[in-house]
Amino acid sequence: MKGLGLGTAGLALWEAGAGKEALAAQDFSFKKGREVPTICPYCGVGCGIIVTERDGKIVNVEGDPDHPINQGALCPKGMSVSDISFVVAGKNNRVPNPRRLTKVLYRAPGSGHWEEKDWDWALREIALRIKATRDETFELKDASGVTVNRTQAIAHVGSASLDNEENYLIHKFLRSIGVINLDHHARL
Ligand code: SF4
């Protein structure tokens with residue numbers, strides 16, 4: 001209440017019910033739609049979020065009051081989760097984020113500009129480079145003769161946008177090729 005600048009008189013009015021009436025008079029129709037509970041992808045706290053969809057578009061994002069971790073609250077980062085897929089363009093008018101990248105961009109070593117590539121090219125290139133790096137750097141044993149079967153030339157930093165299943169598969173894949181340097185920015 002103090003943050004809203006209501007002051008003592010305002011607080012008295014709120015307590016008398018004026019605040020509730022003001023709230024009831026607000027137009028919340030902009031956020032009507034199909035509500036889908038999900039988890040904030042930004043950090044390891046894992047706050048609950050309700051995403052509302054209408055006519056194939058996300059029309060609202062807010063903290064989930066039933067979620068045991070955040071009980072409806074979101075930090076500024078979680079509140080800006082809408083930036084992932086859409087931006088607020090004026091009051092109650094939300095549109096897909098035009099700045100979201102939808103194509104692969106590649107910058108060659110030493111180059112000062114990005115080139116547009118297709119996914120087939122990118123996935124093949126990633127696979128070839130991982131294979132070449134692993135083959136060049138694979139260690140069967142460490143300096144004291146202990147079997148290690150690892151490469152220390154490849155590291156992986158996960159994303160909090162990944163779900164548990166994706167993290168599991170990535171972890172299994174990386175371990176299977178001998179990558180031991182794994183981290184995740186949500187842990188920081
Ligand atoms: S970034 Fe904020 S809202 Fe998202 S999980 Fe972490 S604390 Fe919660």
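Just so you know, these numbers come straight off a predicted model, no measurement behind them.

Some points on the overall build of the protein chain
For step 1, the next point in the chain: Within the protein chain, the secondary structure is distributed over five helices and ten strands.
For step 2, the next point in the chain: Of the contacts formed within the protein chain by residues at least 6 apart in sequence, a portion of 33% connects residues at least 24 apart.

Considerations on the site of the ligand
For step 1, the next point in the chain: Around the ligand lies a shell formed by Cys40, Tyr42, Cys43, Val45, Gly46, Cys47, Asn70, Leu74, Cys75, Lys77 and Gly78.
For step 2, the next point in the chain: A per-class count over the shell around the ligand returns seven nonpolar, three polar and one charged.

Examining the environment of Lys141
For step 1, the next point in the chain: Inspection of the secondary structure assignment puts Lys141 in strand 8 (residues 139-141).
For step 2, the next point in the chain: For Lys141, a count of 11 C-beta atoms within 10 Å gives the class exposed.
For step 3, the next point in the chain: When near neighbours in sequence (up to four residues on either side) are disregarded, Lys141 contacts Val146, Thr147 and Val148.

Notes on helix 4 (residues 119-137)
Three or four residues apart is the spacing at which side chains of an α-helix point the same way, because the helix has 3.6 residues per turn.
For step 1, the next point in the chain: The first and last C-alpha atoms of helix 4 sit 27 Å apart over 19 residues, in line with the 27 Å expected at 1.5 Å per residue.
For step 2, the next point in the chain: Of all 19 residues that make up helix 4, zero are buried, and the element is exposed over most of its length.

Here's the deal with the nonpolar core
For step 1, the next point in the chain: Judged by nonpolar contacts, Cys40, Tyr42, Cys47, Ile49 and Val61 together constitute the single largest core of five residues.
For step 2, the next point in the chain: With residues near it in sequence (within four places) discarded, Cys40 still touches Gly46, Cys47, Ile49, Leu74, Gly78 and Val81.

Here we look at the sheet that holds strand 1 (residues 34-39)
Pairing between the strands of a sheet is mediated by backbone hydrogen bonds and can be parallel or antiparallel.
For step 1, the next point in the chain: As summarised here, the arrangement of the three strands in space is 1-2-3, forming an open sheet in which the pairing is antiparallel. Two strands in the sheet have a free side with no partner beyond their single neighbour: strand 1 and strand 3 (57-63). Each adjacent strand pair in this sheet contributes to an overall mean axis angle of 25°, direction not counted.
For step 2, the next point in the chain: Pairing between strand 2 (residues 48-54) and strand 3: six bridges, direction antiparallel. Among the inter-strand pairings, Arg54 is bridged to a residue of strand 3, identified as Lys57.

Notes on the sheet that holds strand 9 (residues 147-158)
For step 1, the next point in the chain: The mixed open sheet is built from three strands, whose spatial order is 8-9-10. Edge positions in the sheet fall to strand 8 and strand 10 (179-184), since each of these pairs with one other strand and no more. Taking each pair of neighbouring strands and ignoring which way they run, the sheet shows an average axis angle of 35°.
For step 2, the next point in the chain: Relative to strand 9, strand 8 is paired through two bridges, and the arrangement is antiparallel. Across the sheet, residue Glu139 finds its bridge partner in strand 9, namely Arg150.

Reading the values: rules and limits
Residues numbered from 1 in each chain as written. Predicted model: local features only at pLDDT ≥ 70, side-chain atom pairs only at ≥ 80, totals over all residues. Helix = DSSP H or I, 4+ residues; strand = E, 2+ residues; numbered from the N terminus. Contact = placed C-beta atoms within 7 Å. Near = placed C-beta within 6 Å. Nonpolar A, V, L, I, M, F, W, Y, C, P; charged D, E, K, R; others polar. Buried ≥ 20, exposed ≤ 12 C-beta atoms within 10 Å, placed from the backbone. Expected span 1.5 Å × (residues − 1). Core = buried A, V, L, I, M, F, W, Y, C linked by C-beta atoms within 7 Å. Pairing = 2+ DSSP bridges. Axes fitted to C-alpha atoms, helices over the stretch in contact; angles between N-to-C directions.

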